[in-house]
Amino acid sequence: MDSHRDTPELERLLLRHAVERFYAMEAELLDARQFEAWLDLLDEDIHYWMPLTRNKAFGEWEGELTEAGKDLNWFDEGKFELEQRVKQIMTGLHWAEEPVSRTSHLISNLQVEEDGDGIAARCRFLLYRSRNETETDTFVGKRHDRLKRAPGGFRIAERRIFLDQNVLLAKNLTVFF
Amino acid sequence: MAGGDRKYLGGLVRTSEGRISREVFSSRSVYEDELERLFARCWLFVGHASQVPEPGDFVLGRMGEESVIFNRDRNGKLHVFLNTCRHRGMRVCRYDQGNSRKFTCPYHAWVYSDEGGLIAVPKLESGYHNELDTAEWGLIEARVAEYHGYVFACWDEETPGFEDYLGDFRFYFDDYCRTFDGGFGEWEAFGGTFKWRMPCNWKFAAENFGGDYYHNPSHASVDAVILSPAGVEGRHTYDAVTRARELHRLNICFPGIGHTARGEYFKEDYEYMPTYQEMPVVEDYFRECYAKRRERLGEKARFFGHGGTIFPNVSYSNGVQSMGTWNPVGPHETEAWRIFLVPKDAPDEVKNVLRHYVIRYQGPSGLTEQDDMENWGYAHEGARGTIARRFDYHYGMGQGHEKRGWPAEWLGGDIYATEDVSEQNQRAFFDCWARYLDTPPGAQGARKPSAQRAGKNAEAAE
Ligand code: FES
Ligand SMILES: [Fe+2]
């Protein structure tokens, strides 16, 4: 007897579908430079984190990533700080984003689980950036989110971004992941 | 010696006319001279002692284009080894950090100890017939100098010791090394090293950190969003303080020495200005440090360093307490490495506030340096064009208006301290740079501070 062929399985599918649509809408906002509208998708207590990656000996994985709240990280911040980044772009004087990047956010390999803490959504991302004449960056990595249900969809309560580069090959990280 | 037959001083570098050729930033042959004549001779920063606290600890470093291993051996001694096997050159260590008593080469398995000796060679008997003198074939080791925990290394035996190399600049590097309470307390590096690539020649960054108050317009956007943790004004921790006081904002350089710095000198003593009102633990910490510093340093507490460049490519920032290197990757690219530090005995709240601040200020995710890098990258493009290269860059700001031994004698020996904006620091940097590059391998005299004392700049003096 296949126990997955009942309502819980259908609910999982519907949830996954809702998250997929949410991410598509989020990508649409970022790629359309609707940064302030994007901020509205973030929970007030969001933790937005991207660690540095170290080369470590086999089995000694513990220090492979720098730790949030303790070490250096590319990002380890909350909503106020992300709002500052958005404001900086909106000044029109943020030379690293002036002219503003053209981005495409792609999401795949989505896995969604709901538990007592909310929704855990894991995916792979590809963020392509073209800027000015010939500047291009391709950021590829893993993203682990924690989402909260909210009116009209979800809010992002935690975003952990694993870029996996040891020496960052882009000259800056002015784009949102 | 007449100026005419030198390629660099008086040639590509004509600071007395306020001109520097764009070739200096973009030419392949200049770059190759730099590797041989500059990076192979100078003291370069490799790491901080707190990154390798225990015997056997190691981290990787970089010197010029090359990878080095910076470690603490089983007896507690610090070493810097070129990260290359003596047999066929394979990297003997590919891990960014770890703890090991030996480094085994992955290629043919020569084994080196944490003290650098070659301690095992496969088939030493059957293959080498015991004819390999293992004592001769240890890892290539650099000279090492630890200065208040900051560790520098140098490949050249002729280069003076690190303290002589600092020369009169020592006062400023000491100021950087002092903890917030004015003593030589212990600093501790946060875990992790920022490493990233930038599309520009390394000297754009080195000269910017060494003294470019003129580039403030680069940072209009970050000033507008108020990055300062005090949340009152500007992007620096001290912006709220400096705007309320009378002070001199100084560019600091020394004739004949390439090290340059920036800082502020308050005209009068002042009481601690509340900065972190919403964070009582942090506020108390800085208030106490301020009082101790003033007690310790007296009148000299009126000087606060902002940052600088230890010649040639080691740049530091006070306050965000960062230390890093601009590593050349060809003339057109730079790999920046940077660590950040906090006083070891500071409360966790203080460490956390500073950590948050620094990673949002500097580096590729930093709101401030992002804009610097944009400018360096496209400025570099301007050094590459066939037509563009026929036209020098202008380095003449404040030429002839440098102020000597001013505004306070204790600010240093043979010092130029000029207020607000001036390109005296860039001129000092490039004079020194040119002198190194005019000196072929094996020849002496890359750096002769005593011979330079008399003149306003090196070119005029010779
Ligand atoms: S290259 Fe290292 S043992 Fe041969
Ligand atoms: Fe800057």
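Quick caveat, the model's predicted, so the values are computed rather than measured. (Residues numbered from 1 in each chain as written. Chains lettered and ligands numbered in written order. Predicted model: local features only at pLDDT ≥ 70, side-chain atom pairs only at ≥ 80, totals over all residues. Heavy atoms only, no water.)

All names here are of chain B. Looking at the assigned domains, one finds that chain B contains domain 1 (13–39 + 167–452) and domain 2 (44–145). One C-alpha centre belongs to domain 1, the other to domain 2, and the line joining them spans 33 Å. If you look at the interface, domain 1 gives 21 residues, while domain 2 gives 11 residues. For the pair domain 1 and domain 2, the two sides together bury roughly 1,300 Å², of which 63% comes from carbon and sulfur. Summed over the shared surface of domain 1 and domain 2, the result is two salt bridges. Notably, a salt bridge pairs aspartate 96 with lysine 195, separated by 3.4 Å at the nearest N-O pair. For the interface between domain 1 and domain 2, the tally reads three residue pairs in polar contact (both at pLDDT 80 or more). Of all elements in the fold, only helix 2 (28–39), strand 13 (187–189), strand 19 (322–328) and strand 20 (334–343) reach the threshold of two or more residues within the side of domain 1 that touches domain 2. The residue inventory of the side of domain 1 that touches domain 2, partitioned by class, reads 13 nonpolar, five polar and three charged. (Domains from an automatic or database assignment. Contact = heavy atoms within 4.5 Å. Buried area = accessible area lost by both parts, 1.4 Å probe. Salt bridge = Lys/Arg side-chain N within 4 Å of Asp/Glu carboxyl O. Polar contact = N/O pair within 3.5 Å; in protein donor to acceptor, adjacent residues only side chain to side chain. Helix = DSSP H or I, 4+ residues; strand = E, 2+ residues; numbered from the N terminus. Nonpolar A, V, L, I, M, F, W, Y, C, P; charged D, E, K, R; others polar.)

All right, on to the coordination of the iron ion (ligand 2) then. Residues and elements named next belong to chain B. Protein coordination at the iron ion (ligand 2): the donors are His215 (NE2), His219 (NE2), Asp372 (OD) and Asp372 (OD), at 2.1 to 2.5 Å from the metal. For the iron ion (ligand 2), the four donor atoms in the first shell make angles of 55 to 143° at the metal, a pattern classed as irregular. Between the donor residues of the iron ion (ligand 2), the gaps in sequence give the motif H-x3-H-x152-D. One end of the pair, histidine 215, is in the loop between helix 5 (202–211) and helix 6 (220–225); the other, aspartate 372, is in helix 10 (residues 369–381), with 157 residues separating them in the sequence. You'll find histidine 215 and aspartate 372 in the same group, each marked buried. (Donors = N, O, S within 2.8 Å, 3.2 Å for Na, K, Ca; no water. Tetrahedral: all angles 85-135°; square planar, octahedral: opposite > 155°, others 65-115°. Buried < 20%, exposed > 50% of the residue type's maximum accessible area, 1.4 Å probe, protein only.)

Here the focus is the packing of aromatic side chains. All names here are of chain B. By the definition in use, this model includes 60 aromatic pairs over all chains. Note on phenylalanine 162 and tyrosine 165: the rings are 6.5 Å apart at their centroids and 25° apart in plane angle, and the pair reads as stacked. Separated by three residues within a single helix, phenylalanine 162 and tyrosine 165 lie in helix 3 (residues 162–166), roughly one turn from each other. For the pair phenylalanine 162 and tyrosine 165, a shared accessibility class is recorded, and that class is buried. Sitting over the ring of tryptophan 337, lysine 195 keeps its end group 3.9 Å from the ring centre. Residue placement shows arginine 249 over the ring face of tyrosine 213; its charged tip is 4.4 Å from the ring centre. (Phe/Tyr/Trp six-rings, centres within 6.5 Å; stacked < 30°, edge-to-face > 60°. Lys NZ or Arg CZ within 6 Å of the ring centre and 35° of its normal.)

Turning our eyes to something else, we now look at the pattern of salt bridges. Evaluated as defined, the whole model comprises 48 salt bridges over all chains. In this structure, A:Glu77 engages B:Arg360 in a salt bridge whose closest nitrogen and oxygen atoms are separated by 3.3 Å. Highlighted residues: A:Glu77 in strand 2 (residues 73–77) and B:Arg360 in helix 9 (residues 348–361), drawn from two different chains. Under the relative-accessibility criterion, A:Glu77 is labelled buried at 3%. The residue B:Asp181 makes a salt bridge to B:Arg296 at a minimum N-O spacing of 3.5 Å. Remark: B:Arg296 occurs in helix 8 (residues 280–297) and B:Asp181 occurs in the loop between helix 4 (170–177) and strand 13; sequence separation between them is 115 residues. We classify B:Asp181 as buried; its relative accessible area is 19%. Each of the salt bridges in this network shares a partner with another, and the network as a whole consists of A:Glu26, A:Arg143, A:Asp145 and A:Arg159.

Residue and element names in this part refer to chain B. Across the sheet, four strands lie side by side as 6-5-4-7; this open sheet has antiparallel pairing. Among the strands making up the open sheet, the edge pair consists of strand 6 (78–82) and strand 7 (97–99). Averaged over neighbouring strand pairs, the angle between their axes works out to 30° when direction is ignored. Looking at chain direction, strand 5 (residues 66–72) and strand 6 are connected through five bridges and run antiparallel. By the bridge assignment for strand 6, phenylalanine 70 is matched with valine 80. (Pairing = 2+ DSSP bridges. Axes fitted to C-alpha atoms, helices over the stretch in contact; angles between N-to-C directions.)

This part is about the pairing of strand 17 (residues 303–310) of chain B. Residues and elements named next belong to chain B. Within strand 17, seven of the eight residues are buried, which leaves it mostly tucked inside the rest of the structure. Sheet analysis places strand 16 (residues 257–266) next to strand 17, joined by six bridges and oriented antiparallel. Across the sheet, residue threonine 260 finds its bridge partner in strand 17, namely threonine 309. Pairing geometry for strand 17 and strand 18 (residues 314–317), over four bridges, is antiparallel. Across the sheet, the residue bridging to glycine 308 is tyrosine 316, located in strand 18. In textbook terms, the turn of a hairpin is the stretch between consecutive antiparallel strands, and for strand 17 and strand 18 this stretch comprises three residues.

A cluster of nonpolar side chains, contributed by A:Leu106, A:Leu126, A:Tyr128 and A:Val140, occupies part of the molecular surface with about 330 Å² of accessible area. Looking at where A:Val140 falls in the secondary structure, it is placed in strand 5 (residues 135–150). (Patch = residues over 30% accessible without salt bridge, like charges linked within 9 Å, V, L, I, M, F, W, Y side chains within 5 Å. Areas by Shrake-Rupley, 256 points an atom, 1.4 Å probe, with all protein chains shown as cover.)

Let us now look at the side chain of B:His79. Residue and element names in this part refer to chain B. Mapped onto the elements of the fold, histidine 79 is located in strand 6. In this structure the side chain of histidine 79 is engaged in a polar contact, spanning 2.7 Å, whose partner is the side chain of aspartate 73. Within polar-contact distance, the side chain of histidine 79 engages the side chain of glutamate 141 at 2.5 Å. Residues within four places of histidine 79 in sequence aside, it is in contact with Ile69, Phe70, Asn71, Asp73, Asp114, Glu115, Glu141 and Val144.

Turning our eyes to something else, we now look at the packing of helix 5 of chain B against helix 10 of chain B. Any two packed helices are characterised by how steeply their axes cross, that is the angle between the axes, and by the distance between the axes. Residue and element names in this part refer to chain B. Orientation of helix 5 relative to helix 10, taken along the N-to-C sense of each, is 130°, at an axis distance of 10 Å. One finds that helix 5 runs oblique with respect to helix 10. Seen from above, helix 5 lies across helix 10 with right-handed handedness. The residues of helix 10 that touch helix 5, namely those facing Phe204, Ala205, Asn208 and Phe209, are Glu369, Asp372, Trp376, Ala379 and His380. Taken together, the residues of the contact of helix 5 with helix 10 sort by class into five nonpolar, two polar and two charged. (Parallel < 35°, antiparallel > 145°, perpendicular 65-115°, else oblique. Left-handed = near helix turned anticlockwise from the far one by under 90°.)

A few words now on the sheet that holds strand 10 (residues 118–120) of chain B. All names here are of chain B. One open sheet holds the three strands; their spatial order is 8-9-10, and the pairing between them is antiparallel. Strands with a single pairing partner mark the edges of an open sheet, and in this sheet they are strand 8 (102–104) and strand 10. Along the sheet, successive strands turn relative to each other by an average axial angle of 35°, direction set aside. Alignment of strand 9 (residues 111–113) against strand 10, held across two bridges, turns out to be antiparallel. Each residue of the ladder has a partner; that of tyrosine 112, found in strand 10, is leucine 118.

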